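Fold and geometry: a report
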Amino acid sequence: MSSPRFSPQEVTVVFLLGGPGSGKGTQSSNLVRDYGFTHLSAGDLLRAEQIREGSEYGQLIKNYITEGKIVPMEITVALLSNAMADTLSKNPGSTSGGKKARFLIDGFPRKLDQAVFFESTVCPSEFTLFLDCPEEVMETRLLKRGETSGRDDDNAASIRKRFRTFVETSMPVVTEFEKQDKVISVTATGTVEVVYERIQAGFEKRGVQKA
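Model, not experiment: these values are computed from the prediction.

1. Examining the pairing of strand 4 (residues 127-132)
Buried residues dominate strand 4, accounting for five of its six residues. Looking at chain direction, strand 1 (residues 11-18) and strand 4 are connected through five bridges and run parallel. From the neighbouring strand, Phe-15 faces strand 4, where its bridge partner is Thr-128. Pairing of strand 4 with strand 5 (residues 183-187), which is carried by five bridges, proceeds in the parallel orientation. Residue pairing for strand 5: Leu-129 is matched across the bridge by Ile-184.

What follows is the structure, given as structure tokens:
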């Protein structure tokens, strides 16, 4: 049994989960600014990979995303693991001097087997931040975003498909981590500022200091 690539003594991994439109991207920016996280979005890495010149995974990823299906976890985990290694190699001092490198992994794990695979091969997570948001609020936000985002999946039919996928596949991840007492659950309605205050309160309870 090989051990994970990174040790929790060197790096802190926090998973950020929430339905599409729950505010993950917005709150990530706040956490990067105040807590010194490196933000890794599984979706952004996959989108970048599918248009990267000479990518062996590009077309495959494109097909999965178009179908609204989940990309094979080996690909997603490899991209995340390499992005973490890349960040550490650029900031070798980030793991020394008692300051651990902090990674905020956004929109991953999508399924329970992904969580298990990531924690056994890359690094065990510290906890999961779950943005709990009612479906109708998320739909309103996404349709508004779709007016300007240019993203193919910001339309009503795709949005509903993504909700179903989230509830069926990602909620079991939250449930499992809750059993391990590894979830900060935050109600993600109200203004960005109000939601962020709730997140900070949750972090404080966990003893997570600002950078």
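2. Description of the side chain of Gln-200
Locating Gln-200 in the fold gives a position in helix 8 (residues 192-205). The class of Gln-200 is buried, set by a relative accessible area of 18%. Within the structure, Gln-200 has its side chain in polar contact with the side chain of Lys-210 (distance 2.8 Å). Those residues in contact with Gln-200 that sit more than four places away from it in its chain are Tyr-35 and Lys-210.

3. Thoughts on the sheet that holds strand 4
Strand order in the open sheet formed by five strands is 2-3-1-4-5, with parallel pairing between adjacent strands. The open sheet has two free edges, formed respectively by strand 2 (37-41) and strand 5, since each of these has just one partner strand. Sheet twist, expressed as the mean angle between neighbouring strand axes with direction ignored, is 20 degrees. Here helix 2 (residues 42-51) sits on the sheet in contact with strand 2 and strand 3 (101-106), set at roughly 55 degrees to strand 2.

4. Some points on the pattern of salt bridges
Enumeration over the complete set of coordinates arrives at nine salt bridges. For Lys-182, the salt bridge is made with Glu-119, and the minimal N-O distance between the two is 3.2 Å. Taken as a pair, Lys-182 in the loop between helix 7 (156-179) and strand 5 and Glu-119 in helix 5 (residues 112-121) lie far apart in primary sequence, 63 residues in all. Like Lys-182, the residue Glu-119 is buried in the burial classification.

5. A look at the environment of Glu-197
Among the secondary structure elements, Glu-197 is positioned in helix 8. Using a relative accessible area of 53% as the deciding quantity, one classes Glu-197 as exposed. Linking Glu-197 and Gly-58, residues 139 residues apart in sequence, is a C-alpha distance of 39 Å.

6. Some remarks on the packing of aromatic side chains
Under the counting rule described, the total for this entry stands at eight aromatic pairs. For the pair Phe-130 and Phe-166, a centre-to-centre distance of 6.5 Å together with 15 degrees between the ring planes defines the contact as stacked. Taken together, the residues Phe-130 in strand 4 and Phe-166 in helix 7 connect sequence positions 36 residues apart. Like Phe-130, the residue Phe-166 is buried in the burial classification. Here the aromatic residues Phe-15, Phe-108, Phe-118 and Phe-177 are joined through ring pairs into a cluster of three or more.

7. Thoughts on the packing of helix 2 against helix 3 (residues 58-66)
Axis separation between helix 2 and helix 3 bottoms out at 7 Å; the angle between their running directions is 130 degrees. By the criterion of interaxial angle, the relationship of helix 2 to helix 3 is oblique. Regarding helix 2 and helix 3, the two cross each other, and that crossing is left-handed. Contacts from Leu-46, Glu-49 and Gln-50 in helix 2 reach Gly-58, Ile-61, Lys-62 and Ile-65 in helix 3. Residue classes in the contact of helix 2 with helix 3 are distributed as three nonpolar, two polar and two charged.

Reading guide: rules and limits
- Residues numbered from 1 in each chain as written.
- Predicted model: local features only at pLDDT ≥ 70, side-chain atom pairs only at ≥ 80, totals over all residues.
- Heavy atoms only, no water.
- Buried < 20%, exposed > 50% of the residue type's maximum accessible area, 1.4 Å probe, protein only.
- Helix = DSSP H or I, 4+ residues; strand = E, 2+ residues; numbered from the N terminus.
- Pairing = 2+ DSSP bridges.
- Polar contact = N/O pair within 3.5 Å; in protein donor to acceptor, adjacent residues only side chain to side chain.
- Contact = heavy atoms within 4.5 Å.
- Axes fitted to C-alpha atoms, helices over the stretch in contact; angles between N-to-C directions.
- Salt bridge = Lys/Arg side-chain N within 4 Å of Asp/Glu carboxyl O.
- Phe/Tyr/Trp six-rings, centres within 6.5 Å; stacked < 30°, edge-to-face > 60°.
- Parallel < 35°, antiparallel > 145°, perpendicular 65-115°, else oblique.
- Left-handed = near helix turned anticlockwise from the far one by under 90°.
- Nonpolar A, V, L, I, M, F, W, Y, C, P; charged D, E, K, R; others polar.

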